[in-house]
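Chain by chain, the residues run as shown.
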Amino acid sequence: MKKTLFIFLIFIGISASAQQTDTENYIKKESIGGKFDFTKKVDEKYTDSPMIAFGNTIYNKKDFAILLWGANVRNLGIESFDQTAKLWEEIYKKSLTEPEKKALKTGFEAKF
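Just so it is clear, the structure is predicted and the values come from calculations on it, not from any experiment.

Comments concerning the pairing of strand β2 (residues 57-60)
Moving on, step 1. Relative to β2, strand β1 (residues 51-54) runs antiparallel, the two sharing four bridges. Bridge assignment links Ala53 to a residue of β2, and that residue is Ile58.
Moving on, step 2. Connecting the antiparallel pair β1 and β2 is a turn made up of two residues, with Gly55 showing a positive phi of about 65 degrees.

Below you can see the structure in the form of structure tokens.
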């Protein structure tokens with residue numbers, strides 16, 4: 001019985017890991033020029049506004065796009081902010097600045 005339970009737990013772990021990898025690959029694929037490229041969407045929607053208010057904070061377009069990206073990544077099931085930040089840095093091949101990190105965290109924690 002213990003052996004069966006152990007094998008079952010390993011199988012669940014492998015499944016979850018594979019699903020997480022699929023989700024991350026999808027996010028990577030769609031982040032530049034795809035469904036998660038919010039830079040273009042924000043530019044199109046807010047052509048006349050250099051700044052965008054969200055909650056009690058005002059964001060520039062770039063940071064607001066990062067906020068939206070963070071919210072959408074969370075909705076796909078990425079549950080760790082640190083993992084989300086690492087994924088963003090891997091995709092865009094640069095470190096997040098403090099304002100970008102704040103925007104990402106706000107989006108990640110937002111309830112839409």
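Some details on the packing of helix α2 (residues 38-45) against helix α3 (residues 61-75)
Moving on, step 1. One way to put it is that α2 packs onto α3 with a least axis distance of 8 Å and a crossing angle of 125 degrees. In terms of orientation, α2 lies oblique with respect to α3. As for the relative orientation of α2 and α3, their crossing is right-handed in sense. Of the residues in α3, those touching α2 at Phe38, Thr39, Val42 and Asp43 are Lys61, Phe64, Ala65, Leu68, Trp69 and Asn72.
Moving on, step 2. Considered class by class, the residues forming the contact of α2 with α3 number six nonpolar, two polar and two charged.

Quick notes on the rules
Residues numbered from 1 in each chain as written. Predicted model: local features only at pLDDT ≥ 70, side-chain atom pairs only at ≥ 80, totals over all residues. Heavy atoms only, no water. Pairing = 2+ DSSP bridges. Helix = DSSP H or I, 4+ residues; strand = E, 2+ residues; numbered from the N terminus. Axes fitted to C-alpha atoms, helices over the stretch in contact; angles between N-to-C directions. Parallel < 35°, antiparallel > 145°, perpendicular 65-115°, else oblique. Left-handed = near helix turned anticlockwise from the far one by under 90°. Contact = heavy atoms within 4.5 Å. Nonpolar A, V, L, I, M, F, W, Y, C, P; charged D, E, K, R; others polar.

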